[in-house]
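One letter stands for each residue in the lines below.
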Amino acid sequence: MPEHEAGGSLATPAHEVRDFLRRRREQIAQRWADEPLFRTVFTASRDEAVEAGKAVVDALARVADAQQVEDPDAAGFSAVREQLARMGAARSRAGLSNTQVSSELAALWPPAENLLVAESDQASPEELRAWSTTLSVLLGTLRLVAMQTALSETQSLIDRQRLQLLEVATPVIKLWDGIVAVPLIGTLDSARSQVVMETLLNAVVDQHARFAILDITGVPTVDSLVAQHLMKTVAAARLMGAECVVSGIRPAIAQTMVHLGLDLGTVKTRASLADALGHCLHELGTNIVNAAPDGAGRR
Amino acid sequence: MSEGLSRPAAGHVPVLGLGDVLLVTLQGDLYDSTAHRLQQDLAEAIARSRVTGVVIDISGVEIVDSFLGRVLAEIAAQAELLAARTVVAGMRPAVAVTLVELGLTLPGLRTALTTEAAMELLARPVVPPRSGGGREGGP
Amino acid sequence: MHTAAGVEARLPIRSDMDLVWVRQHVRQAAAQLGFGLVDQTKLVTAASELARNTLVHGGGGLMEATHVRAGGAEGLRLSFSDSGPGIPDLERALSDGYTSGGGLGMGLGGSRRLVHDFEVESTPGSGTTVRVTSWATRPPRQRGAV
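Residues numbered from 1 in each chain as written. Chains lettered and ligands numbered in written order. Predicted model: local features only at pLDDT ≥ 70, side-chain atom pairs only at ≥ 80, totals over all residues. Heavy atoms only, no water.

Per an unreviewed UniProt entry, the recorded name for chain C is Anti-sigma regulatory factor, and the organism is Streptomyces caelestis.

Looking at an unreviewed UniProt entry, one finds chain A named STAS domain-containing protein, with Streptomyces heliomycini as its source organism.

Here it is, written out as C-alpha cells:
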C-alpha cells in the first residue's frame, strides 16, 4: 500500500487495513459474493450479494478505524449485526451446524488476504505480516460477532418455542354447556400458571362458561406458590362472573397441604373431576339420575 | 319510570331503567369525576325509583384500577343499603387478572359473565347472603 | 426492529383528565412494543395507580415514558415524579393496606406487583420519583419474517 498517502508512514496496521478495505471495497465484495455464505443467502441477484458484502466491508473498515479490531462489541459492527443474524439463520435453516457456518465465515479471509498481498508487493515483509495479522484478527472478530448474534437468535427461538409449548400443554375441554375444564399436567411454575390462568379465563368468555374446573390430578406437588396461583385464578374467574372449582386433589397432596398449613381460602375443591362436574351440573340445575331403579340415585 | 333517570351530558354515564333493574353501561376510559358522579346519580336513582337491582356492564372497560374498583364496591354497598342488589357484568379476562394481581379481589361484589346473565341472577329468588351485611329480604 | 416514535413522551399530571392521557399513552406505547393484552393491561393499571399518587399525594407532576431494550427484549420504562411532600415511611407505603388518601390502599404495593422492575426514591419535603419497567414477554410478532 505504498505510493498513496505520503504522510501515512506512521499509520498503525489497523489504519492501513482500514485504508485497504476502503480502497478494495468493490473487489472484496465481488469475491465474497461468490463464497457460499453470500451466494446461498442472497439468491435474488448477484448484486444483492455484492451489496451485502460491501456492508460488511464498510463495518470492518469502521471497526479498524476505531482501532477496535479485537473488540466484538465495537460500535462499528452494529450496522451489520442484523444482516449477520439473517445470514446465520438462513444457513441454519439450510441444515448447517453452527460450526459449519463458522467455517463459512472463516472462508471470507483468504480472498481478502490475497488482495492484500497482491497490492502490497512493495511493502516490507514485516509490514505485510503486521497488516495481514490485523486483517485476520479483524475477520476473526467478525466471526465472533456473527456467532454471538446466532446464539442470541437461538435463545429467542427457544423462548418462543417454550411459550408455544406452554400454550399447547394447556388444553381446554368443554364438558357441558356452560362448563369447561382445564386439566393440568406437570409442574406449575410462574410462567406456566400465567398461561393457565389466561387460557382458562379466555375459555370462560369464549364458551360462556359459568363454571370452570381446574383439574390438578397431574400436578405432582402443591406448594405455597402453586396454592397461590390456584387462588388467583379462582379469584379472577369470580370477578368475571364464573365459578372455578379445583379438582383432583389426591390424598397425598391433601395431606401435604394440611401439613404445610396451606389454606386455599374460599376456593371450592373436589376430590375428582367427576365430583367437580357433578357439583357444577347441580348448580346449573341439571341433575344426573341413574337409570337403574336401584341405583345410587341423585347426587 | 325511566324519566329523569338518564341524563346524558358531558361527563355523564347514562342510567337506564329496565323494569326493576337499573342498567349502567361503562365504556372506554372514565374520568375520576365521571365515576364519582355516577356513584351519586345511582344512589339517587335507586332511592327514587325503588328498583331491586343494578347491573353495571363493564365489558367495554379496558382497565379497572383501585379507584374504579373502589367506586364499584361502594356503589354495591350503598345499593345494598337501599335494598337493591348490584351485579357487575362482563369484566374482561385481562382486567380480572390485573385486579387480582393488584390485590383487589372485591369479595363483596356480585359478578356475571354478561348483562343477560346478570339479569337472570337478579331474577332468581334472593339467597341469604353468606357473610353478614346487606338487607336482602324483599319488600 | 421497532422504532421508538410514539413510545417516548413526557406528560404532565395535573388533573384527572391527565390521568386519562397517561393511560392512553401507556396503552398505545405498550401495544406498539409488542406487549400482550394482559401485560398491556397490567402496565396501564400500574401507570394509572402511580399517576394518581403523583396527582393526589404529590400535588401533580410528570410522567416520562422511555423505550428500553435488553438482550433483544423490548421494554417500556415509566417514571413518575413530583415535588410534593415525599413519603416518610417507604416500607410502610409499599405494604398492602397502607393508604393516606382514601383509596383501597393498593397504590404502591399493588402496582409493584403489576410490573417487572420497581424503584422508588423519595426525599421527605422535596418529592418522590417512582420508576417502573416492564418487558414484552412475548417476542414481537414477526414469525416467518426472518
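(A) How the structure looks around the overall build of chain C. Counting its secondary structure elements, chain C contains four helices and five strands. Taken from the N to the C terminus, the helices and strands of chain C come in the order β-α-α-β-β-α-α-β-β. Every one of the 146 residues in chain C was classed for burial, and the buried ones make up 51%. Once local pairs closer than 6 in sequence are excluded, the contacts in chain C between residues at least 24 apart make up 61%. Total accessible area on chain C stands at roughly 6700 Å², and carbon and sulfur atoms take up 51% of it. (Helix = DSSP H or I, 4+ residues; strand = E, 2+ residues; numbered from the N terminus. Buried < 20%, exposed > 50% of the residue type's maximum accessible area, 1.4 Å probe, protein only. Contact = heavy atoms within 4.5 Å. Areas by Shrake-Rupley, 256 points an atom, 1.4 Å probe, with all protein chains shown as cover.)

(B) A look at the confidence of the model for chain A. Per-residue pLDDT for chain A has a mean of 85; in total, 93% of the residues score no lower than 70. Below pLDDT 50 for its whole length, residues 1–8 of chain A participates in 12 contacts with residues either more than four positions away or in separate chains. (pLDDT = per-residue confidence, 0-100.)

(C) Representation of the sheet that holds strand β4 (residues 117–123) of chain C. Residue and element names in this part refer to chain C. Taking strand neighbours across the sheet as the criterion, the five strands line up as β1-β2-β3-β5-β4 in an open arrangement whose pairing is antiparallel. On the outer flanks of this sheet lie β1 (9–13) and β4, each paired with one strand and no other. The average undirected angle you get between the axes of adjacent strands in this sheet is 15°. Here eight bridges tie strand β3 (residues 73–82) to strand β5 (residues 127–135), and the two strands are oriented antiparallel to one another. Across the sheet, Asp82 pairs through a bridge with Thr128, a residue of β5. Set on the sheet, helix α1 (residues 16–32) makes contact with β1, β2 (61–70) and β3; between it and β1 the angle comes to about 155°. (Pairing = 2+ DSSP bridges. Axes fitted to C-alpha atoms, helices over the stretch in contact; angles between N-to-C directions.)

(D) Structural view of the packing of aromatic side chains. Residues and elements named next belong to chain A. The full count for this structure, using the stated rule, is two aromatic pairs over all chains. Ring geometry for Trp32 against Phe38: centres 6.1 Å apart, planes inclined by 15°, an arrangement best described as stacked. With a centroid separation of 6.1 Å and an interplanar angle of 25°, the aromatic rings of Phe38 and Phe42 are classed as stacked. Across the pair, Phe42 and Phe38 agree in class, each one buried. (Phe/Tyr/Trp six-rings, centres within 6.5 Å; stacked < 30°, edge-to-face > 60°.)

(E) How the structure looks around the nonpolar core. Among the nonpolar cores identified, the biggest contains 108 residues, and Leu76(C) and Leu78(C) are the most heavily contacted of them. Leaving out residues up to four positions away in the same chain, Leu78(C) has contacts with Val26(C), Leu43(C), Ala47(C), Met63(C), Glu64(C), Ala65(C), Val130(C), Arg131(C) and Val132(C). Core analysis: the second largest hydrophobic core is formed by 44 residues, Phe20(A), Ile28(A), Val57(A) and Leu105(A) among them. (Core = buried A, V, L, I, M, F, W, Y, C linked by side-chain atoms within 4.5 Å.)

(F) Spatial organisation of the interface of chain B and chain C. Residue-level contacts link 20 residues of chain B with 24 residues of chain C. Summed over both partners, the interface of chain B with chain C comes to about 2000 Å²; 58% of that surface belongs to carbon and sulfur atoms. At the junction of chain B with chain C, the criterion picks out five salt bridges. Ionic pairing is found between Arg23(C) and Asp65(B), a salt bridge with its closest N-O pair at 3.8 Å. Put simply, chain B and chain C have 11 residue pairs in polar contact (both at pLDDT 80 or more) between them. Secondary-structure elements contributing two or more residues to the side of chain B that touches chain C are α1 (32–49), α2 (66–81) and α3 (93–102) of chain B. Per-element accounting of the side of chain B that touches chain C gives the leading share, six residues, to α3(B). Looking at the side of chain B that touches chain C residue by residue, the class counts come to 10 nonpolar, four polar and six charged. (Buried area = accessible area lost by both parts, 1.4 Å probe. Salt bridge = Lys/Arg side-chain N within 4 Å of Asp/Glu carboxyl O. Polar contact = N/O pair within 3.5 Å; in protein donor to acceptor, adjacent residues only side chain to side chain. Nonpolar A, V, L, I, M, F, W, Y, C, P; charged D, E, K, R; others polar.)

(G) The arrangement of the pairing of β2(C) in detail. Residue and element names in this part refer to chain C. Both β1 and β2 contribute to a ladder of five bridges, which runs antiparallel. Following the sheet pairing, Pro12 is matched in β2 by Leu62. Where β2 lies against β3, 10 bridges are found, and the strand directions are antiparallel. Each residue of the ladder has a partner; that of Met63, found in β3, is Phe80. Where β2 folds back onto β3 in an antiparallel hairpin, the turn is made up of two residues, including Gly71, whose phi is positive at roughly 50°.

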